[in-house]
Amino acid sequence: MSYVQRPRHVALARRFFTSTALAAAMPWVVHAQDVDPAVDELTGERVMESVTVTARRVEESLQDVPITVTSIGGDTLDTFNITSVDKLESRVPSLRFQQGGPNGGATLSLRGISTSNLSPSFESSVALNFDDIFVGQLRILQGGFFDIDQVEVLKGPQSVFFGKSASAGVLTLKSAGPTDEFEAGLRAGYEFEEEGLFAEGFISGPITNTLGGRLAVRYSNTDALVENSFPGVANPERGSEDIYVRSTLEWEPTEKFIASGKFTYIRNERDGANLFADIDCGPNGVADDIALGFITLPAGYDCDVGNGVFAFADPAEALTLDVGLGFPSTNVPFHETDIFLASLKGDYSINDWLNFTSITGYYGLEVLELEAFSFGGILGVGENGLPIQGGTGLGFPNFETDQWTQEFRLSSDTGGFIDFSLGAFYEFRINVADTPLFAANIGLLAPDPVTGFTSDVIKLQDTDSETYSVYASAVVRPTDRITLTGGVRYTNEDKESIIDVPFVHSFLTGPGSFLVEPGFVTQPIEFNDDNISPEATISYRVNDSVNLFAAYKTGFKSGGIDSAVLPTFGLAAADEAGDFSEIIFDSEESEGFEIGIKSDLLDGTLRLNATAYRYVFDDLQIQQFDPVAIQFITLNAGEITNSGLDLEFLWLPPIEGLTFNGSFALLDSEFSDTFFGLGELGDDLDGRDSRFAPTFSGNIGADYRRPIGPLELGLNANVAYSDDYFTADETLTDGIQDSYVTVDAAISLSTPDDRWRLTLSGINLGDELFITSDTGRPFLEAGVGDDRVLNFNRGRQVFLELSYKY
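In this text, all values refer to a predicted model and were calculated from it rather than measured experimentally. Counting restarts for each chain: residues are numbered from 1 in the order of the written sequence. The predicted origin of the model limits local features to residues at a pLDDT of at least 70 and limits the giving and counting of side-chain atom pairs to 80 or more, whereas totals for whole chains, interfaces and linings rest on all residues. Values reported for side chains reflect all heavy atoms of the structure, with hydrogen atoms and water molecules removed beforehand.

**Q** Any details on the environment of threonine 115? Residues and values, ideally.
**A** Secondary structure elements follow DSSP: runs of H or I of four or more residues count as helices, runs of E of two or more count as strands, with numbering from the N terminus. Locating threonine 115 in the fold gives a position in the loop between strand S9 (113–114) and strand S10 (126–130). A simple rule labels every residue: compare its accessible area, found with a 1.4 Å probe on the protein chains alone, to the largest value its type can have, and call it buried under 20%, exposed over 50%, or partly exposed in between. Judged by its relative accessible area of 4%, threonine 115 is buried. Sequence separation between threonine 115 and serine 125 is 10 residues; the distance between their C-alpha atoms is 5.9 Å. Contact criterion: two residues are considered in contact whenever any of their non-hydrogen atoms come within 4.5 Å of each other. Leaving out residues up to four positions away in the same chain, threonine 115 has contacts with Thr107, Leu108, Phe122, Glu123, Ser124, Ser125, Lys557, Gln621 and Arg691.

**Q** A description of the packing of aromatic side chains should follow, citing residues and the corresponding values.
**A** Within 6.5 Å between ring centres, the rings of Phe, Tyr and Trp (the latter by its six-membered ring) count as paired, and their orientation is classed by plane angle as stacked under 30 degrees, edge-to-face over 60, tilted in between. Summed over all chains, the structure comprises 24 aromatic pairs. Measuring from centroid to centroid gives 6.4 Å for tyrosine 613 and tyrosine 615, while their planes differ by 25 degrees, and the two rings are stacked. In terms of burial, tyrosine 613 and tyrosine 615 fall into one category: buried. Judged by centre distance (5.8 Å) and plane angle (70 degrees), the rings of phenylalanine 692 and tyrosine 725 are edge-to-face. Placement of phenylalanine 692 in the loop between strand S41 (677–680) and strand S42 (696–708) and of tyrosine 725 in strand S44 (residues 725–726) is noted, with a sequence separation of 33 residues between them. Every member of this aromatic cluster is reached through a ring pair, and the members are Phe276, Phe310, Phe312 and Phe375. By definition here, charges over rings are those cases where NZ of Lys or CZ of Arg is within 6 Å of the ring centre and within 35 degrees of the ring normal. The ring of tyrosine 613 carries the charged tip of arginine 111 above its face, separated from the ring centre by 3.6 Å. Lying over the aromatic face of phenylalanine 202, arginine 214 brings its terminal NZ or CZ to 4.3 Å of the ring centre.

**Q** Which residues make up the sheet that holds strand S6 (residues 69–73), and what are the values?
**A** Any two strands with at least two DSSP bridges between them are considered paired. Pairing in this open sheet of five strands is mixed, and the strands run S6-S12-S13-S10-S11 from one edge to the other. Sheet topology places S6 and strand S11 (133–135) at the edges, where each strand pairs with a single neighbour. Strand-to-strand twist of the sheet, defined as the mean angle between neighbouring strand axes without regard to direction, takes the value 20 degrees. Of the strand pairs in this sheet, S10 and S11 are connected by three bridges, and their pairing is antiparallel. Paired with asparagine 129 across the bridge in S11 is phenylalanine 134. Axis lines are fitted to C-alpha atoms, over the contacting stretch for helices. Their N-to-C directions set the angle, which ranges from 0 to 180 degrees.

**Q** An account of the state of the cysteines is needed here, citing residue identities and associated values.
**A** Whenever a pair of cysteine sulfur atoms sits within 2.5 Å, that pair is classed as a disulfide. Within the structure shown, the criterion is met by one disulfide. Covalent S-S linkage joins cysteine 281 and cysteine 303, the inter-sulfur distance amounting to 2.1 Å. With the S-S dihedral at roughly -90 degrees, the linkage between cysteine 281 and cysteine 303 falls on the left-handed side. Residue cysteine 281 is located in the loop between strand S19 (277–280) and strand S20 (290–292), and its partner cysteine 303 is located in the loop between strand S21 (295–297) and strand S22 (309–310); the two are separated by 22 residues in the primary sequence. Accessibility expressed as a relative area gives 2% for cysteine 281, which makes it buried.

**Q** Any chance you could break down empty space enclosed by the protein for me, citing the residues and the numbers?
**A** To find the voids left in a structure, one rolls a probe of water-molecule size over its atoms. Points on a 1 Å grid, built from protein atoms alone, make a cavity when a 1.4 Å probe fits but cannot get out and make a pocket when they are open with protein on both sides within 12 Å along at least 5 of 7 lines; residues with an atom within 4 Å of a point are the lining residues. Grid points are joined across faces, edges and corners, and a volume is the space filled by probe spheres set on the points. Per the stated rule, a full pass over the model turns up 15 cavities of 30 Å³ or more. In terms of lining, the largest cavity is formed by 28 residues, of which the most central are Thr83, Ser220, Thr222, Asp242 and Arg794. If you list the elements that add at least two residues to the lining of the largest cavity, you get strand S15 (196–206), strand S16 (211–228), strand S17 (237–254), strand S18 (257–270) and strand S50 (797–805). When its volume is computed, the second largest cavity comes out at roughly 270 Å³. If you trace the second largest cavity, you find 22 residues lining it, with Asp86, Glu89, Ser90, Thr742 and Phe770 closest to the centre.

**Q** Got a sec to walk through the pattern of salt bridges? Specific residues and values, please.
**A** Here, a salt bridge means any Lys or Arg side-chain nitrogen found within 4 Å of an Asp or Glu carboxyl oxygen. One pass over the structure, following the stated rule, counts 35 salt bridges. One salt bridge connects aspartate 600 with arginine 607, and the closest N-O pair in it is separated by 2.7 Å. By relative accessible area, arginine 607 is classed as buried at 2%. Each member of the salt-bridge network shares a partner with another, and the members are Glu123, Lys164, Glu427, Arg429, Glu493 and Lys495.

**Q** Talk me through the sheet that holds strand S48 (residues 771–776); I want residue IDs and the actual numbers.
**A** Spatial strand order, S19-S49-S48: three strands in an open sheet with antiparallel pairing. With one partner strand each, in any of the chains shown, S19 and S48 form the two edges of the open sheet. Neighbouring strand axes in the sheet, compared pairwise and without regard to direction, differ in orientation by 25 degrees on average. Sheet topology note: the S19/strand S49 (residues 788–792) ladder contains four bridges and is antiparallel. Along S49, the bridge assignment pairs alanine 277 with asparagine 791.

**Q** Explain the environment of glycine 213 residue by residue, including any values.
**A** Looking at the secondary structure, you find glycine 213 in strand S16. It is 12 Å that separates the C-alpha atoms of glycine 213 and glutamate 252, two residues lying 39 residues apart in sequence. Excluding residues that lie within four positions of it along the chain, glycine 213 makes contacts with Pro178, Ile203, Ser204, Gly205, Ile207, Thr248 and Leu249.

**Q** With reference to specific residues and values, describe helix H5 (residues 569–577).
**A** Within the span of H5, buried status applies to Leu571, Ala574 and Asp575. Each buried residue of H5 sits inside an arc of 100 degrees when the element is viewed along its axis, so together they form one side. The exposed set on the far side of H5, more than 90 degrees from its buried face, consists of Phe569, Glu576 and Ala577. At its buried positions, H5 is contacted by strand S31 (482–504) and strand S32 (520–521). Note on H5: the residue one or two positions beyond its end, glycine 578, has a positive phi of about 70 degrees. What the arc describes is the spread of directions from the helix axis to the C-beta atoms.

Next comes the structure, spelled out in structure tokens:
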């Protein structure tokens, strides 16, 4: 891995796509390792079983649904210990995930389209649907997942069936439900690289003749998640602890009605908000000072980037801090997240062909964390010879979200000339962002003489949002080979936010202050928008094995009010003028076409799916950070044109127990209109590739199983490759992540009935590190500092685990 700042020549890849006219009417596939081969009763040969997906919110065969979907089943997740989204990257080309960091907490990127995680007010361009509940914030992915029955990745706009925030795609997680017969399982293991222990178990089965239940619990504790190289820190190794509990009840009193309720609780604790963040010292090659007005402090970190060792200013001794609002009395970084997810789904069969569905959901989030977001700052050297850390830029964010959703759907399944689906959706959400800030660390040097508070400023921001939408879709079958599908969704969203600054340190008030006066409260900041998102698809079944389709699709993601805005004098000026346009971002829209083929060839032993697509994204929501002004910049990119080809295959060779699979993606994602990445400070990126958009990426995997005496041997491997890509959307000379290869492998021994299984597995065995986000380091000196904060993926993980099922 290397990180450089240099211009990138993008014309070559672009010529390929233009000259070939997207050479392929070829859309796309399921992941091979998720399909268990069956045996044809007539020929005795292995053939692939059908895979069921819910890409249109009803169960359909993967090979029939005219949508680009990757499905990864629970067996693959268990084999490779895939318990977080970042481990899916090697199996879904063009998918990128960043975890860690403040505020938003995570970023999903698909086909080079993503949304910053710097602000919790930004929803992801790749929507998350967890057990039929829409979750706009991705904090829930920080705690990982387990006991998952199926993962689906839907590429391209999916607004008709999934609503807002599906402008680039959807990630769907479906947890396992109750079983018809009693089952129980235990799984425990140790991870050698990060020194982590985990244990999980489930119990499932009928409670009565009409009621079934499932309880699943997971606990993990990792001691050395991150190695901290900053001298004299309290936590030389940052660890994490996670608790995950899910309970499910399923009630079927009659053949016509079934209800399912799920409740999930996730608790995540870490030694700080930042995880895999390192500092690149930029072209000047030095660790730039921390600039605090007329005062500068030595940074204290090294310039060794990409070695898996990180630097966080982490005070060795806790100070007694009264920051206000009853926050914990410490200056030692920490992170705590509590997440609640509940859903109640009811399905009622009105008759043999008409079904009514109701889905009620609740999502709750509570985040409290402390971190020195300057990544450095040394006040001097103590008697022990170790640096006294200033902890400059301490942030004490407290975020809370309460979200209630309700969806009703009426759908038909006649299998005749026409079927339809009608639906309505409502969401009400309250976002709370209460943040004591240490903008200049005055409060650490001398408490406020009036209140005794040690923070520099306290900012409170409450944002309420209300969304409703209605949608309709119809499937028309004029012949037994042609299917026409059309749909449309109307969405309306209202948001209102109020910013309250009850406290500013006395030393930071008065003439010349860059902060608002204490007691400042804005007038209500309002945002409203509505949208109509249509789509249309035609599919043609050539024969029983080949299905062709073409689709026109549109997507929509609502705009809103930035909740990461800092309480500077600029906010006061905006309030006085009644013009909050600088912190209001417009809605994001996408529109385009795709064509595809889904096929089962060679007598059912080769599955080959492919998709070619071209989409245009208008007003893509982007948030940047000005490291000198210490101010977030909320922007809408003018236009991004997104073209490419996705190809997947699954092959059952004539060797008993052996399966091959592969996924490949060609991508050309570029700014196609004027866009200044840092406002007036950035370059016009028109014609430049967007970030996280490798021209080529792909993976090849193999699975082999054979009996060894009384046991069964399992061998699994997956090799993934990514071309280089830009890591930011600010200037023409943004950093570039070089191409890289990752390797996963697993070996297992099990009983034929899989009751006992011993597995040794490795993720990213080559310990390849690549950049997942890139932004300026806070508190840079104007015209001098050029340090960058780079977030990396998780390094090598090696698991030894034992599982038992009853």
